Amino acid sequence: KIWATILDKVDYVFHLAAIEGCNDFKHEIEVNSFSMLYLLDACYNKKKFPKIVYSSSANIFGNVSTNPVNETFSDNPASTWSVHKLLAEQYLRVYYRKYKINSVILRLSNVYGAVPNGNVNNRVVLNMIIDKALNGETLNLYNNHNCIRDYIYIEDVIRAFLLAGGIKNDSCEGQFYVIGSQEGYMISDVWKLIAKKVSNKIGKEIKIKMNETVTLEPMAM
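Owing to the predicted nature of the structure, the values given are computational and were not obtained by experimental measurement.

(A) Molecular detail of the overall build of the protein chain. Along its length, the protein chain carries six helices and nine strands. Its C-alpha atoms give the protein chain a radius of gyration of 19 Å, within 12% of the compact-globule value 17 Å for 221 residues. Here the C-alpha coordinates of the protein chain stretch approximately 60 × 35 × 35 Å along the principal axes. Counting all 221 residues of the protein chain, 40% fall into the buried class. The contacts of the protein chain with a sequence gap of at least 6 include a subset with a gap of at least 24, amounting to 79%. With the model as given, the accessible surface of the protein chain reaches about 12,700 Å², and the carbon-plus-sulfur share is 53%.

Shown next as structure tokens:
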């Protein structure tokens, strides 16, 4: 209903709505998948076709054997989050084929950077680790510490969205692009760098503890 009331003078929609790690399965799929379907349905019903730029996730690739991932890799989602994001992508492709609603999908790697509200730092892995270090807390490493991940700064993500908005409509058919730095870093090395930098800044040694009792799945980045 909300979409139907705001589409009249809209040329672009940057769809950023997402929720991860939610215990409410119905709420998670409503936000991560159905919100896109509601938008597309409203566009079709009102005959308003703004260009849609969708914030998706590189986690859709799942666990991969080689890095870095790119647009030629197959989809292999390993979590409900990834499944829901892929479903939203598929809605975009279907509505382009049927109704020519233009869209571009950006599959983001690990985003980090300043946030307007410090309370959301725990939703961004790298932000959370930096925040813990600045508070003098011990940083934990788990069994996935050797995984290599790509980290991208928030300002570069914003630039990618603006560039995607400028793509000509005849190239906006619901295809996706992987957005990252093209540089992979081992998780343990990133934690060590953070510990070193913060230790120098606050004058207190930040310790790193290895916790092998917790099993975490490596994800594609």
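(B) Broad picture of a nonpolar patch on the surface. On the surface, a nonpolar cluster with roughly 520 Å² of combined accessible area is contributed by Y12, F14, L16, I158 and L162. For the nonpolar patch, the elements supplying multiple residues, two or more each, are β1 (12–15) and α5 (154–165). As for its placement among the helices and strands, F14 is situated in strand β1. For F14, a relative accessible area of 36% corresponds to the partly exposed category.

(C) Representation of the packing of helix α4 (residues 125–134) against helix α6 (residues 187–202). The geometry of α4 relative to α6 is characterised by a closest axis approach of 9 Å and an angle of 35 degrees between their N-to-C directions. Where α4 crosses over α6, the two elements pack in a sense that is right-handed. In this structure, α4 uses V125, L126, I129, I130, A133 and L134 to contact α6, whose residues at the interface are V190, W191, I194, V198, K201 and I202. Grouping the amino acids of the contact of α4 with α6 by side-chain chemistry returns 11 nonpolar, no polar and one charged.

(D) Main features of the sheet that holds strand β8 (residues 184–186). The three strands are arranged β4-β6-β8 in an open sheet whose pairing can be described as mixed. Edge positions in the open sheet fall to β4 (110–112) and β8, since each of these has one partner strand only. Adjacent strand axes in the sheet meet at a mean angle of 50 degrees when their direction is disregarded.

(E) Molecular detail of the sheet that holds strand β7 (residues 173–179). The four strands are arranged β1-β2-β3-β7 in an open sheet whose pairing can be described as parallel. Across the chains shown, the open sheet's two edge strands, defined by having one partner strand only, are β1 and β7. Ignoring which end each strand starts from, the neighbouring axes of this sheet average 20 degrees apart. Inspection of the sheet shows strand β3 (residues 103–108) paired to β7 by five bridges, in the parallel sense.

(F) Fine view of the packing of aromatic side chains. Per the stated rule, a full pass over the model turns up seven aromatic pairs. Centre to centre, the rings of F34 and Y38 are 6.5 Å apart; their planes meet at 50 degrees, and the pair counts as tilted. Of this pair, F34 and Y38 both sit in helix α2 (residues 25–46), separated by four residues, roughly a single helical turn. On the accessibility criterion, F34 (25% relative accessible area) is partly exposed. A ring pair is formed by F61 and F176, whose centres lie 5.9 Å apart and whose planes are at 65 degrees; its orientation type is edge-to-face. Of this pair, F61 sits in the loop between β2 (51–57) and α3 (80–99) while F176 sits in strand β7, placing them 115 residues apart in sequence.

(G) Spatial organisation of the nonpolar core. Counting 19 residues, the largest nonpolar core has M36, L39, L40, I52, Y54, L92 and I101 as the members making the most contacts within it. For this core, the secondary-structure elements that each account for two or more residues are α2, β2 and α3. It is α2 that provides the largest number of residues to this core, a total of five residues. Discounting residues that sit within four places of it in the chain, L39 has contacts with W3, L7, V13, H15 and I52.

(H) Molecular detail of the pattern of salt bridges. If you walk through the whole model with that rule in mind, you get six salt bridges. K46 serves as the salt-bridge partner of D8, at 3.4 Å between the closest nitrogen and oxygen. Placement of D8 in the loop between α1 (2–6) and β1 and of K46 in helix α2 is noted, with a sequence separation of 38 residues between them. Overall, D8 belongs to the partly exposed group, its relative accessible area being 46%. What makes K46 partly exposed here is its relative accessible area of 29%. For R159, the salt bridge identified is with D156, shortest N-O distance 2.7 Å. Of the two residues, R159 and D156 both sit in helix α5, three residues apart, roughly one turn of that helix. Its relative accessible area of 34% is what places D156 among the partly exposed residues. Put simply, D75, E89, R93 and R107 are held in one network by salt bridges that share partners.

Rules of the game
Residues numbered from 1 in each chain as written. Predicted model: local features only at pLDDT ≥ 70, side-chain atom pairs only at ≥ 80, totals over all residues. Heavy atoms only, no water. Helix = DSSP H or I, 4+ residues; strand = E, 2+ residues; numbered from the N terminus. Rg over C-alpha atoms; globule rule 2.2 N^0.38 Å. Buried < 20%, exposed > 50% of the residue type's maximum accessible area, 1.4 Å probe, protein only. Contact = heavy atoms within 4.5 Å. Areas by Shrake-Rupley, 256 points an atom, 1.4 Å probe, with all protein chains shown as cover. Patch = residues over 30% accessible without salt bridge, like charges linked within 9 Å, V, L, I, M, F, W, Y side chains within 5 Å. Salt bridge = Lys/Arg side-chain N within 4 Å of Asp/Glu carboxyl O. Axes fitted to C-alpha atoms, helices over the stretch in contact; angles between N-to-C directions. Left-handed = near helix turned anticlockwise from the far one by under 90°. Nonpolar A, V, L, I, M, F, W, Y, C, P; charged D, E, K, R; others polar. Pairing = 2+ DSSP bridges. Phe/Tyr/Trp six-rings, centres within 6.5 Å; stacked < 30°, edge-to-face > 60°. Core = buried A, V, L, I, M, F, W, Y, C linked by side-chain atoms within 4.5 Å.

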